[in-house]
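# Structural description and commentary
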Amino acid sequence: MPDGRVPLISGNWKMNLDHFEALRNLQKLAWLLPKDVYERVDVSLHPPFTDIRTLQTSIEADRMDVLLGAQHCHHEVSGAYTGEVSPAFLAKLDVKLVICGHSERRELFGENDEIVNAKVKAILAHKMTPILCVGETLAEREAGETEAKVLGQVAAGIAGAKKDQVASMVIAYEPIWAIGTGKTATAQDAQDVCGAIRRAVAASTDASTAGSIRIQYGGSVKAGTTAELMAQPDVDGALVGGASLDPDEFAQIVKIAAGASS
Ligand code: PGA
């Protein structure tokens with residue numbers, strides 16, 4: 001984590017915690033994290049849609065430095081898309097970062113690279129930051145196709161975005177075989193792929209753009225694995241699923257990441 005980039009630790013709550021539980025988690029986190037920690041690390045929370053308004057009100061009232069996030073949105077602003085949520089609605093709720101292309105969305109809900117790219121553009125158009133998720137399956141890793149898969153997803157995801165927009169983005173490298181399985185890529189594996197992502201972004205834009213994007217690692221991140229991951233030059237944070245549901249564990253991860261950047 002070189003100087004100039006502040007790490008970003010994001011909690012992806014997935015389909016867990018109703019709005020009462022979400023509020024309790026937020027309050028516990030506020031109590032566990034000293035105010036000055038936010039000078040050294042950015043923290044975002046990505047609750048289910050039904051919790052967002054509740055968290056927004058609480059974050060605003062308590063002037064918390066936590067960034068509000070979402071897990072998904074549609075790429076159109078409005079229309080006949082039953083059940084979907086517009087990026088404009090999220091922006092109105094002060095959502096700052098939106099996860100897109102998560103492997104669960106790709107696998108379970110048929111989101112392909114084209115749809116993910118449309119979402120990236122829609123999120124950027126509403127002045128929010130996309131967290132573009134990319135990652136390979138175990139079979140792809142074993143076949144030596146990790147870079148081809150991941151770099152293909154990155155190129156497709158950022159296609160058509162302007163350089164300054166790309167510079168503002170977050171890319172989350174999440175090997176699919178490490179999500180929710182307890183298996184973490186080694187810090188060196190994470191660095192290898194995150195480094196390849198940065199070089200590919202530099203090749204398609206320029207070095208300064210590639211130096212500005214933040215690349216997270218995700219997949220069974222725990223407090224015990226954070227320090228080593230964060231010590232890698234191209235790992236700028238973590239997208240945390242399971243461990244983000246436990247405020248004690250998540251606060252530990254945030255504090256370790258804050259230490260890694262100071
Ligand atoms: P996990 O999830 O930390 O539970 O592996 C990460 C993610 O899917 O974002």
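Residues numbered from 1 in each chain as written. Predicted model: local features only at pLDDT ≥ 70, side-chain atom pairs only at ≥ 80, totals over all residues. Heavy atoms only, no water.

The helix and strand tally for the protein stands at twelve helices and eight strands. What you see for the protein is a C-alpha radius of gyration of 17 Å, in line with the 18 Å of a compact globule of 262 residues. Principal-axis analysis of the C-alpha atoms places the extent of the protein at approximately 45 × 45 × 35 Å. For the protein, the proportion of its 262 residues judged to be buried stands at 52%. Excluding contacts between residues fewer than 6 apart, the proportion of contacts in the protein whose partners are at least 24 apart in sequence is 75%. The centroid of the 25 positive side-chain charges in the protein is displaced by 4 Å from the centroid of its 34 negative side-chain charges. (Helix = DSSP H or I, 4+ residues; strand = E, 2+ residues; numbered from the N terminus. Rg over C-alpha atoms; globule rule 2.2 N^0.38 Å. Buried < 20%, exposed > 50% of the residue type's maximum accessible area, 1.4 Å probe, protein only. Contact = heavy atoms within 4.5 Å. Lys, Arg positive; Asp, Glu negative; His and termini not counted. Charge placed at Lys NZ, Arg CZ, Asp CG, Glu CD.)

What surrounds the ligand is a group of 13 residues, the closest being Lys14, His102, Glu174, Gly180 and Ser220. A distance of 2.7 Å is found between an oxygen atom of the ligand and a backbone nitrogen or oxygen belonging to Ser220. Gly241 is positioned with one of its backbone polar atoms (N or O) 2.9 Å from an oxygen atom of the ligand. Tallied by class, residues from the shell around the ligand come to four nonpolar, seven polar and two charged. (Near = heavy atom within 4 Å. Polar contact = N/O pair within 3.5 Å; in protein donor to acceptor, adjacent residues only side chain to side chain. Nonpolar A, V, L, I, M, F, W, Y, C, P; charged D, E, K, R; others polar.)

Another aspect to go through is the layout of surface pockets. It is the rolling of a water-molecule-sized probe over the atoms that shows where space remains empty. In this structure, the largest pocket encloses a volume near 440 Å³. If you trace the largest pocket, you find 16 residues lining it, with Lys14, Met15, Gln71, Arg105 and Phe109 closest to the centre. A total of three residues in the lining of the largest pocket trace back to one element, the largest contributor, which is helix α4 (residues 103–108). Across the lining of the largest pocket, the residue classes break down as seven nonpolar, five polar and four charged. (1 Å grid on protein atoms, 1.4 Å probe; cavity = no way out; pocket = protein on both sides within 12 Å on 5 of 7 lines; lining within 4 Å. Points joined across faces, edges and corners; volume = space filled by probe spheres on them.)

Turning our eyes to something else, we now look at the pairing of strand β8 (residues 237–240). The side chains of a regular strand alternate, first on one face of the sheet and then on the other. Burial of the side chains of β8 extends over both faces: Gly237 and Leu239 are buried on one face and Ala238 and Val240 on the other. Judged from the four bridges that link them, strand β1 (residues 8–12) and β8 form a sheet pairing that is parallel. The residue bridging Leu8 from the neighbouring strand is Gly237, located in β8. Both strand β7 (residues 214–218) and β8 contribute to a ladder of two bridges, which runs parallel. Residue Gly218 lies in a different strand from β8, and its bridge partner there is Leu239. (Pairing = 2+ DSSP bridges.)

Glancing now at the packing of aromatic side chains. On inspection of all chains with the given rule, the structure shows one aromatic pair. With 6.2 Å between their ring centres and 65° between their planes, Tyr173 and Tyr217 make a pair best called edge-to-face. Separated by 44 residues along the polypeptide, Tyr173 in strand β6 (residues 170–173) and Tyr217 in strand β7 bring together distant segments of the chain. On the basis of relative accessible area, Tyr217 is assigned to the buried category, the value being 0%. A cation over an aromatic ring shows up here: Arg105 above the ring of Phe109, its NZ or CZ 4.1 Å from the ring centre. (Phe/Tyr/Trp six-rings, centres within 6.5 Å; stacked < 30°, edge-to-face > 60°. Lys NZ or Arg CZ within 6 Å of the ring centre and 35° of its normal.)

So, about the sheet that holds β8. Taken in spatial order, the eight strands close into a barrel running β1-β2-β3-β4-β5-β6-β7-β8, and their pairing is parallel. If you compare each strand with its neighbour and ignore which way they point, the axes differ by 25° on average. Across four bridges, strand β5 (residues 129–134) lies against β6 in parallel orientation. Within β6, the residue paired with Val134 across the bridge is Tyr173. Where helix α9 (residues 187–204) meets the sheet, it contacts β5, β6 and β7, and its direction lies at approximately 145° from that of β6. (Axes fitted to C-alpha atoms, helices over the stretch in contact; angles between N-to-C directions.)

Note: most peptide bonds trans; most residues except glycine with negative phi. Positive phi values are uncommon outside glycine, yet Lys14 reaches one of about 50°. Relative to the elements of secondary structure, Lys14 occurs in the loop between β1 and α1 (19–32). A positive phi is found at Arg63, a non-glycine position, where the angle reads about 45°. Here Arg63 lies in the loop between α2 (49–61) and β3 (67–70). Given a relative accessible area of 69%, Arg63 falls into the exposed group.

By the element assignment, Ser58 lies in helix α2. You can call Ser58 buried: its relative accessible area is 9%. Apart from residues no more than four positions distant in its own chain, Ser58 is found in contact with Leu23 and Leu26.

Shape descriptors only; they carry no functional weight alone.
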